[in-house]
Amino acid sequence: MMTLLLSQAQTITAGAIEHAEREGMKPISVVVLDARGALKAAAAMDGTSLKRTDIARAKADGAVALGMGSRSLFKRAKDQAFFIAAATHAIGGSLMPVPGGVLIRDAAGALLGAVGISGCTSDNDEAAAMAGIGKAGLTGDPGQD
C-alpha cells in the first residue's frame, strides 16, 4: 500500500493556496491528513480567520473517518441528520459535513488520506482541494451530491 508522502502533502497545500490566490478566493486554511488521520501538512493564508484551520481539520477528519468526501457527508446530513450527529459524536466531534473535505487516492484508487479546506464558500474550498491534489499527481474524491 502506498502512503502519502510529506512532499506530496506539501505540494497539495501549496497547490490549493495557489488556486485560491489565482481565483481571488477569500483566505483559506488547508489541512492534509494521511490515511490514518494523522496530520501531514497544514497552512493558513494571511488574513484567515481564527478557527478556519479547525474547520478544515474537521472536514478532513470526517472524510477519513467515514471514508467519503464531505460532499457525500453533506448529502447524508440532509437525508440522515441523526446518523451524522451520532457519527460526529463517535469521532470526537471533529466532523464538518459540508463540501471542502476531499479524499486523496492514488492511481489504483487506494486511500492515501484527505485534505480539508475552509475559508471561502464550500464549493470554492472543494475546488482548491481538488487543484492541490491534482498538482501532486493524485486523485481527489470529493463525494457526490
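Up top is the structure these notes are about.
Residues numbered from 1 in each chain as written. Predicted model: local features only at pLDDT ≥ 70, side-chain atom pairs only at ≥ 80, totals over all residues. Heavy atoms only, no water.

## Some details on the nonpolar core
Counting 23 residues, the largest nonpolar core has Ile-12, Ile-28, Val-32, Ile-104 and Val-115 as the members making the most contacts within it. The set of elements that each furnish at least two residues to this core consists of α1 (6–22), β1 (29–34), β3 (101–105), β4 (111–118) and α5 (122–135). Among the elements that make up this core, the one with the highest residue count is α1 (5 residues). Apart from residues lying up to four places away in sequence, Val-115 is in contact with Ile-12, Val-30, Val-31, Val-32, Ala-60, Gly-100, Gly-101, Val-102, Ile-104, Ala-129 and Ile-133. Core analysis: the next-biggest nonpolar cluster, separate from the first, contains 8 residues, Leu-33, Val-64, Leu-103 and Ala-114 among them. (Core = buried A, V, L, I, M, F, W, Y, C linked by side-chain atoms within 4.5 Å. Buried < 20%, exposed > 50% of the residue type's maximum accessible area, 1.4 Å probe, protein only. Helix = DSSP H or I, 4+ residues; strand = E, 2+ residues; numbered from the N terminus. Contact = heavy atoms within 4.5 Å.)

## Things to note about the pattern of salt bridges
This structure, assessed with the given rule, holds 10 salt bridges. One salt bridge in this structure joins Asp-34 and Arg-36, with 2.8 Å as the shortest N-O distance. What makes Asp-34 buried here is its relative accessible area of 9%. Note on Arg-36: relative accessible area 70%, which makes it exposed. A salt bridge links Asp-125 to Lys-59; the shortest N-O distance between them is 3.1 Å. Of the two residues, Asp-125 is situated in helix α5 and Lys-59 in helix α2 (residues 52–66); the sequence distance between them amounts to 66 residues. Look at Asp-125 and you get buried, because its relative accessible area is 1%. (Salt bridge = Lys/Arg side-chain N within 4 Å of Asp/Glu carboxyl O.)

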